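Reading the structure
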Amino acid sequence: MALLILVLRWCDERRYLEYGSKKIQLRNIGRFADLTVPLATESINGCNITVFVGNNGAGKTTLLKSLSTALSWLVARLRRDKGNGRSIAEIEIKNGQNDARLTLQLAHSLFENTDCHWSLAKTRQGRMASQKSELADVTRLAAYYRESLTLNDSAALPLICFYSVERYVDEP
């Protein structure tokens, strides 16, 4: 079982901010050749929730680990200007493929009439790279929050937590 919790809305002193995950796209990651998953952005009963349900081996953990990998870049860039999040591991690239790409698209009021998105790309060693990562929006989003913290120690930040299937307690 894997669990990812993301606080999607909060307020700060300057203005009300809306923040929501819109979709995640996986290309050649795990068992998925090309998968786009829309994530809940509409508030129902006061919260945005996406639930993944499926049989063992369906790809739920792959999807959540990919979301965690994409969000790790926001966390890393909150800590430092050019911080690096986790990259796509070569072992996660779909068998028989040379490369993989992971894209996360968010809605955030900072980006007014457009969506915030960033992509991570990985090419197998010894192969020609056909794509590269795009991190400009995550850098801009992190800079916004670092500035907010600089101006106000109690500024609100998104809460991002991930507990993977490998993190369990086996009691006798």
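Bear in mind the structure is a predicted one, so any value in this text is a computation, not a measurement. (Residues numbered from 1 in each chain as written. Predicted model: local features only at pLDDT ≥ 70, side-chain atom pairs only at ≥ 80, totals over all residues. Heavy atoms only, no water.)

When you go through the chain residue by residue, the secondary structure sums to two helices and seven strands. Starting at the N terminus, the α and β elements of the chain follow one another as β-β-β-β-α-β-β-α-β. Put simply, the chain has 172 residues, and 39% of those count as buried. Looking at the chain alone, contacts between residues at least 24 apart form 62% of all its contacts between residues at least 6 apart. Carbon together with sulfur atoms contributes 49% to the accessible area of the chain, which is approximately 10,500 Å² in total. (Helix = DSSP H or I, 4+ residues; strand = E, 2+ residues; numbered from the N terminus. Buried < 20%, exposed > 50% of the residue type's maximum accessible area, 1.4 Å probe, protein only. Contact = heavy atoms within 4.5 Å. Areas by Shrake-Rupley, 256 points an atom, 1.4 Å probe, with all protein chains shown as cover.)

Ranked by internal contacts, the top residues of the largest apolar core, which has 30 residues, are I24, L26, L74, L102, L104, W118 and L141. Only β3 (16-29), β4 (32-38), α1 (60-79), β5 (99-108), β6 (116-123) and α2 (136-151) provide two or more residues apiece to this core. For this core, the leading source of residues is α1, giving seven residues. (Core = buried A, V, L, I, M, F, W, Y, C linked by side-chain atoms within 4.5 Å.)

Most of β5 is tucked away, with nine of its 10 residues classed as buried. Here β5 runs beside β6; their pairing, made up of eight bridges, is antiparallel. Each residue of the ladder has a partner; that of L102, found in β6, is L120. (Pairing = 2+ DSSP bridges.)

Looking now at unusual backbone geometry. Even without being glycine, N28 reaches a positive phi, approximately 60°. Mapping N28 onto the fold places it in strand β3. Under the relative-accessibility criterion, N28 is labelled buried at 5%.

On the secondary structure map, G59 appears in the loop between β4 and α1. Assessed through its relative accessible area of 12%, G59 is described here as buried. Counting along the chain gives 28 residues from G59 to R31, while the straight-line C-alpha distance between them is 6.9 Å. Here G59 is in contact with R31 and F32, once residues within four sequence places are set aside.

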